[in-house]
Amino acid sequence: MEKIGITIKYLVNFIDKTGKKLEKIDFEQGADLTDVSGWLLKTYGLQVPGEDVMCLLNGHSWNHYSEGDKRELENG
């Protein structure tokens, strides 16, 4: 199955927790924002989206998309 490559950019508080500003991750074709949330929780213990956390996909809040966290990922 084809992989979907995404880039996650972390801001100040998350850089402190991840030790990274930028990270490239591969997910299986058909993965969505829920998969990203699960990966961040499992890997770093980060609960996203959260009350004090802004999550953007291509410059738009996850809430901007009608599919919400079920929005499928695309390469890049």
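Right, let's walk through the structure included here. (Residues numbered from 1 in each chain as written. Predicted model: local features only at pLDDT ≥ 70, side-chain atom pairs only at ≥ 80, totals over all residues. Heavy atoms only, no water.)

Here we come to the packing of aromatic side chains. For any pair of aromatic rings, the description rests on two quantities: the centre-to-centre distance and the angle between the ring planes. If you walk through the whole model with that rule in mind, you get two aromatic pairs. An aromatic cluster is defined as three or more aromatic residues linked by ring pairs; in this entry it consists of Y10, W39 and Y44. (Phe/Tyr/Trp six-rings, centres within 6.5 Å; stacked < 30°, edge-to-face > 60°.)

Our focus in this paragraph is the pattern of salt bridges. On inspection of all chains with the given rule, the structure shows three salt bridges. Between E23 and K20 there is a salt bridge; the shortest N-O distance is 2.9 Å. Judged by relative accessible area, E23 falls into the buried class, the value being 10%. For E74, the salt bridge identified is with R71, shortest N-O distance 3.9 Å. Relative accessible area serves as the criterion here: at 54%, E74 is assigned to the exposed category. (Salt bridge = Lys/Arg side-chain N within 4 Å of Asp/Glu carboxyl O. Buried < 20%, exposed > 50% of the residue type's maximum accessible area, 1.4 Å probe, protein only.)

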